[in-house]
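# Topology and contacts: notes
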Amino acid sequence: MVAIKRPKGFILYEGESAISDQNIVAIATLHSRNGKTGDMVQVWILPADLSPLEALQNNNNKGACGSCKLQGRFDNKLGKMVDRVCYVNVGQAPDTIHKSYKRGLYPVYDPKIHAKYIKGRKTRLGAYGDPAALPCEILEHLARLSAGHTGYSHQLFDIAKTDRPLADRLSKLVMCSCDDNAQHDIATSYGWRAFTVKTPNGEAPTDAIECPYYSHGVQCEDCLLCSGSAVHAKSIYVNAHAKTGQNLPKVQALTISATA
């Protein structure tokens, strides 16, 4: 009897992004050595036609990350990214996964075959990219299968301007990513739970707790507080990481007009 090879991941979605007219691909990988999240199923939301690195270098990454200002921008004169706060090194895992996708290494998700690999596991909805780029039905399917999940979206404010019911629906699954305390206050007034980034010396947002990984060393797969408004708990905040945190005040200055 020939053993069936266990997949390393599969394609959850290919098509137009829900937050842009660009094409994206969403790939679930089944294992992770990420020390913060633990061994969760990881969902990567990537540009389909360009590598993640090329998309950033061309300032053409809206399909995957939408209007998120933490992604920074590529300065052609300097030949590098500037004002970037996002901690993800796209030249590593995202680009590697995209190359594997282009080589045809991931099968297309079939719930009859692949659901068993997610069922009972913990799932991270957006190891890279914004979950709101995917049809909400896919996120809900993953959440139902999983024993718990985490997720974050920078797009809820933009979506709410034209489709508040969809924003509320998404907010039950993911945290509203906020760039400052003013956004946190608006998000919580809408009934959403917020995940706010702040400078190390900045004031913590109202009625929020620090991410338990940094305060108590609890991995995401054991914590699961970042599961959206369906979880009745306080909002979360985190200090901006290392050198990228120095760019946060610039991003906050750009955030004011885009809030609500």
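Just above, that's the structure.
Basis of the calculations
Residues numbered from 1 in each chain as written. Predicted model: local features only at pLDDT ≥ 70, side-chain atom pairs only at ≥ 80, totals over all residues. Heavy atoms only, no water. Helix = DSSP H or I, 4+ residues; strand = E, 2+ residues; numbered from the N terminus. Rg over C-alpha atoms; globule rule 2.2 N^0.38 Å. Buried < 20%, exposed > 50% of the residue type's maximum accessible area, 1.4 Å probe, protein only. Areas by Shrake-Rupley, 256 points an atom, 1.4 Å probe, with all protein chains shown as cover. Lys, Arg positive; Asp, Glu negative; His and termini not counted. Charge placed at Lys NZ, Arg CZ, Asp CG, Glu CD. Phe/Tyr/Trp six-rings, centres within 6.5 Å; stacked < 30°, edge-to-face > 60°. 1 Å grid on protein atoms, 1.4 Å probe; cavity = no way out; pocket = protein on both sides within 12 Å on 5 of 7 lines; lining within 4 Å. Points joined across faces, edges and corners; volume = space filled by probe spheres on them. Nonpolar A, V, L, I, M, F, W, Y, C, P; charged D, E, K, R; others polar. Core = buried A, V, L, I, M, F, W, Y, C linked by side-chain atoms within 4.5 Å. Contact = heavy atoms within 4.5 Å.

This part takes up the overall build of the protein chain. Helix and strand counts for the protein chain stand at eleven helices and eleven strands. Against the 2.2 N^0.38 benchmark of 18 Å for 260 residues, the protein chain shows a C-alpha radius of gyration of 18 Å, consistent with a compact globule. Referenced to the eigenvectors of the C-alpha coordinate spread, the extents of the protein chain come out at roughly 60 × 45 × 35 Å. Looking at the protein chain as a whole, 52% of its 260 residues qualify as buried. With an accessible surface of roughly 12900 Å², the protein chain has 52% of that area assigned to carbon and sulfur atoms. With 30 positive and 24 negative side-chain charges, the protein chain shows a separation of 6 Å between the mean positions of the two kinds.

It is worth spelling out the packing of aromatic side chains at this point. Evaluation of the coordinates by the stated rule reveals five aromatic pairs. Between Phe10 and Tyr109, the aromatic rings sit 5.3 Å apart at their centres with planes inclined by 40 degrees, giving tilted as the arrangement. Remark: Tyr109 occurs in the loop between helix H3 (93–102) and helix H4 (111–118) and Phe10 occurs in strand E1 (residues 9–16); sequence separation between them is 99 residues. Here Tyr109 falls in the buried class, since its relative accessible area comes to 14%. Ring plane angle 65 degrees and centroid distance 4.8 Å describe the contact between Tyr152 and Phe195, whose orientation is recorded as edge-to-face. Residue Tyr152 is found in strand E7 (residues 148–153), and its partner Phe195 is found in strand E9 (residues 194–198); the two are separated by 43 residues along the sequence.

This part covers the layout of surface pockets. Here the largest pocket defines a volume of roughly 790 Å³. Along the walls of the largest pocket sit 35 residues, with Leu70, Cys86, Tyr87, Tyr152 and Phe195 positioned nearest its centre. Put simply, the parts of the chain that give the lining of the largest pocket at least two residues each are strand E6 (122–128), E7, strand E8 (175–178), E9 and strand E11 (235–239). The biggest single contributor to the lining of the largest pocket is E6, with five residues. For the lining of the largest pocket, the per-class residue count stands at 20 nonpolar, eleven polar and four charged.

Counting 37 residues, the largest nonpolar core has Phe10, Leu12, Leu134 and Trp192 as its most contacted members. Those elements that provide at least two residues to this core are E1, strand E2 (23–29), strand E3 (41–47), H4, helix H5 (136–145), helix H6 (156–162), helix H7 (164–171) and E8. Sort the elements by how many residues they give to this core and H5 lands first, with six residues. Apart from residues no more than four positions distant in its own chain, Trp192 is found in contact with Leu156, Phe157, Ala160, Arg164, Ala167, Asp168, Ser171, Cys176, Ala187 and Ser229. With 16 residues, the next largest nonpolar core counts Val25, Leu46, Ala64 and Ile97 among its residues.

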